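# Coordinate analysis (summary)
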Amino acid sequence: MADNFVAPGQQRYTRACMVCSIVMTQARFKGEGCPNCPFLEIRGNPDALDSCTSTVFEGLITIANPKKSWVAKWQRLDTYVPGVYATKVSGSIPEDIRTGLLEDGHVLIPRDGSGVDTD
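We now turn to the structure provided with this report.

About the cut-offs
Residues numbered from 1 in each chain as written. Predicted model: local features only at pLDDT ≥ 70, side-chain atom pairs only at ≥ 80, totals over all residues. Heavy atoms only, no water. Pairing = 2+ DSSP bridges. Helix = DSSP H or I, 4+ residues; strand = E, 2+ residues; numbered from the N terminus. Contact = heavy atoms within 4.5 Å. Disulfide = S-S within 2.5 Å. Buried < 20%, exposed > 50% of the residue type's maximum accessible area, 1.4 Å probe, protein only. Core = buried A, V, L, I, M, F, W, Y, C linked by side-chain atoms within 4.5 Å.

It is worth spelling out the sheet that holds strand β1 (residues 14-17) at this point. Ordered by their spatial adjacency, three strands build an open sheet running β2-β1-β3, and the pairing between neighbours is antiparallel. If you trace the sheet from one side to the other, it starts and ends with β2 (23-25) and β3 (53-54), each paired once.

This brings us to the environment of Asn4. Mapped onto the secondary structure, Asn4 falls in the segment before β1. Sequence spacing of Asn4 and Val23 is 19 residues, and the spatial spacing of their C-alpha atoms is 8.3 Å. When sequence neighbours within four positions are dropped, the list of residues in contact with Asn4 reads Val23, Met24, Arg28, Pro35, Val81, Pro82, Gly83 and Val84.

Now for the state of the cysteines. In this structure the tally under the stated criterion is zero disulfides. Left without a disulfide partner, Cys17 is nearest to the cysteine sulfur of Cys20, which lies 3.8 Å away. Residue Cys17 is classed as buried on the basis of its relative accessible area of 0%. With no disulfide partner, Cys37 has as its closest neighbouring cysteine sulfur the one in Cys34, 3.8 Å distant. Residue Cys37 is classed as buried on the basis of its relative accessible area, which comes to 2%.

Quick look at the nonpolar core now. Ranked by size, the top nonpolar core spans 28 residues in total, and within it Cys17, Val19, Ile22, Phe29, Cys34, Leu40 and Ile42 carry the most contacts. Contributions of two or more residues to this core are made by β1, β2, α2 (46-52), β4 (57-63) and β5 (83-89). Contact partners of Ile22, with chain neighbours within four places excluded, come to Arg15, Ala16, Cys17, Phe29, Cys34, Pro35, Asn36, Val81, Val84 and Tyr85.

As structure tokens, this is what we get:
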């Protein structure tokens, strides 16, 4: 579980995934990809890293047990891995990637605050 947390000295190198909002260092995204979104193929792909993650995000939530956390449910993070998540991620996924994800059946929840809750 401790693998998905960012050390205090590494916070200046963090990025947030625009799909799931997990916050990790750029090096971890580059080396491992996003643990919640393997379909983005960020691992070892600098173009995907730049287009699917953002350095501009607000608020941090640390979730140790997503299944039991009401905050994780409220933020729609309860199906993701434990870790640090941003409450708001600025930026948007490129249209071609967005279209491909929707065609593959992935549900995209806007993490930039622009989405309207349909529940």
